[in-house]
Structures are given as C-alpha cells and as structure tokens.
Amino acid sequence: MSVTERRLKATVLDAEQIRRSLSRIAHEIVERNHGAGEVVLVGVYSRGDHLARRLAGQLEELEGHPIAVGAIKSDVPDVDGKVVVLVDDVIHRGRTARAAMDALLDFGRPRAIQLAVLVDRGHRELPIRPDYVGKNVPTSDSERIEVLVAEEDGLDQAVIVAG
C-alpha cells in the first residue's frame, strides 16, 4: 500500500471523468476563441504538460489542423500574437499560475493568456481565476489534491489526500 493510498480521502475524478473534462475544456476553448487557429497550449510542469498534449490532441480532432503545444520549462512554441492557454493540473493559491505567466512572457508577447485547470480547489491568494475548469473541488487547507496521469503514474485519477 502506497503512502497516497493510506492518506486517501476521496477520488474526485476517475479516468473517464478526466477524459470528459478535457473534452469539454477543448470545446470551450474552440467556442471562446472562435476556433483554435491562433491558440497555443503551454503546460505547467509536470502534470500540466501531459494534460496540454492531450488537449492539443482533442483540439486537433475538433479543428482538423495541428495545434502548437509545449511546456513552460522546456519547449515553449512561438507565442507572439497568439492566444496562449496555460494548462495546469490543480490551481490552489494562484502562485504557480502567476509564475507561469511571468515565465511565459520571457518567450514572447502573446495576444492573450488564458488558464485551463483540471481541478480548482479554491483558497486563492492572488486575483487569478481560471478560464476553463474541469471540476471545482472545495478542500480544507489540511488537504491536498493529487492528480495522477497515465504518462507518469500508470493511471488517470484525481484524489484528495490528507495533508
């Protein structure tokens, strides 16, 4: 039994719910931006980059053309004049999203920056609100949300664990 299993409080998203959430977010991105022709996806290391690649695949199916995708720490595509959707697994206080936006500006000047997260757990300390949310999950400060992705963990799941 892993440490996470011993502290597990609840599963908030299973693999199918994660798939559906990403599909809905992809549709919302297309709708809000009137297509995805000027959209670039940039994942926030480490789980967000996997989710960004999955979203890119969904957008490519919807739009019928390749979508530029990268990760904030390694391979940021050209962002000048584009709508950049930062993709992260969980937003909590907003500090990671703020740091990702600051880092993104080192790579160019996007027309707009939007934020997509799989789980919003609240407790914001900065005035940052995601544009796209897979699921809102209110938590206490003593709890954490862990997102597991098949690419790294062998399964897709979002769980609440005791802090």
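Each remark here, short or long, concerns the structure printed above.
Residues numbered from 1 in each chain as written. Predicted model: local features only at pLDDT ≥ 70, side-chain atom pairs only at ≥ 80, totals over all residues. Heavy atoms only, no water.

Peer 1: Talk me through the nonpolar core; I want residue IDs and the actual numbers.
Peer 2: Ile29, Leu41, Leu55, Leu59, Val85, Val87 and Val119 are the most contacted members of the largest nonpolar core, which has 31 residues in total. For this core, the elements supplying multiple residues, two or more each, are strand 1 (8–13), helix 2 (15–32), strand 2 (39–43), helix 3 (47–63), strand 4 (83–91), strand 5 (112–120), strand 7 (143–148) and strand 8 (157–162). Among the elements that line this core, the one with the most residues is helix 2, at six residues. Sequence-distant contacts of Leu55, defined by excluding residues within four places in its chain, comprise Leu22, Ile25, Ala26, Ile29, Leu41 and Val87. (Core = buried A, V, L, I, M, F, W, Y, C linked by side-chain atoms within 4.5 Å. Buried < 20%, exposed > 50% of the residue type's maximum accessible area, 1.4 Å probe, protein only. Helix = DSSP H or I, 4+ residues; strand = E, 2+ residues; numbered from the N terminus. Contact = heavy atoms within 4.5 Å.)

Peer 1: Explain helix 4 (residues 95–105) to me, using residue names and the numbers behind them.
Peer 2: Every buried residue of helix 4 is accounted for by Ala97, Ala100 and Leu104. Relative to the axis of helix 4, the buried residues are bounded by an arc of 60° and lie together on one face. Buried-residue contacts for helix 4 involve strand 2, strand 4 and strand 5. (Arc of directions from axis to C-beta.)

Peer 1: So, the side chain of Arg121: which residues are in play, and what are the values?
Peer 2: Structurally, Arg121 is set in the loop between strand 5 and strand 6 (132–136). The side chain of Arg121 sits in the buried core without any salt bridge; Asp141 is the nearest counter-charge, 4.7 Å away. Among the polar contacts made by the side chain of Arg121, one reaches the side chain of Thr139 at a distance of 2.8 Å. Excluding residues that lie within four positions of it along the chain, Arg121 makes contacts with Val90, Ile91, His92, Val137, Pro138, Thr139, Ser140, Asp141, Glu143, Arg144 and Ile145. (Lys, Arg positive; Asp, Glu negative; His and termini not counted. Salt bridge = Lys/Arg side-chain N within 4 Å of Asp/Glu carboxyl O. Polar contact = N/O pair within 3.5 Å; in protein donor to acceptor, adjacent residues only side chain to side chain.)

Peer 1: Lay out the environment of Asp156 with the relevant residues and their values.
Peer 2: Along the polypeptide, Asp156 turns up in the loop between helix 5 (150–153) and strand 8. Separated by 140 residues in the primary sequence, Asp156 and Glu16 have C-alpha atoms spaced 8.4 Å apart. In this structure, Asp156 is in contact with Asp14, Ala15, Ile18, Arg54, Leu148, Val149 and Ala150, ignoring residues within four places of it in sequence. A polar contact is formed between the side chain of Asp156 and the side chain of Arg54, at a distance of 2.8 Å.

Peer 1: Outline the pairing of strand 2, supporting the account with residue identities and numerical values.
Peer 2: Buried residues dominate strand 2, accounting for five of its five residues. Burial along strand 2 is two-sided: Val39, Leu41 and Gly43 facing one way and Val40 and Val42 facing the other are all buried. Note: strand 2 against strand 4, five bridges, orientation parallel. Note on strand 4: the bridge partner recorded for Val39 is Val83. Alignment of strand 2 against strand 3 (residues 68–71), held across four bridges, turns out to be parallel. Directly across from Gly43, in strand 3, lies its bridge partner Ala71. Handedness of the crossover is the feature at issue here: the chain leaves strand 2, passes through helix 3, returns alongside strand 3, and the resulting connection is right-handed. (Pairing = 2+ DSSP bridges. Right-handed = clockwise from strand over helix to strand, strands pointing away.)

Peer 1: Could you give an account of the sheet that holds strand 7, naming the residues involved and the relevant values?
Peer 2: Two orientations exist for strands paired in a sheet by backbone hydrogen bonds: parallel and antiparallel. The three strands lie next to each other as 1-8-7, forming an open sheet whose pairing is antiparallel. The strands lining the two open edges of the sheet, one partner per strand, are strand 1 and strand 7. Taking the axes of each pair of neighbouring strands and ignoring which way they run, one obtains an average angle of 25° across the sheet. Relative to strand 8, strand 7 runs antiparallel, the two sharing six bridges. Bridging from a neighbouring strand, Glu143 pairs with Ala162 of strand 8. (Axes fitted to C-alpha atoms, helices over the stretch in contact; angles between N-to-C directions.)

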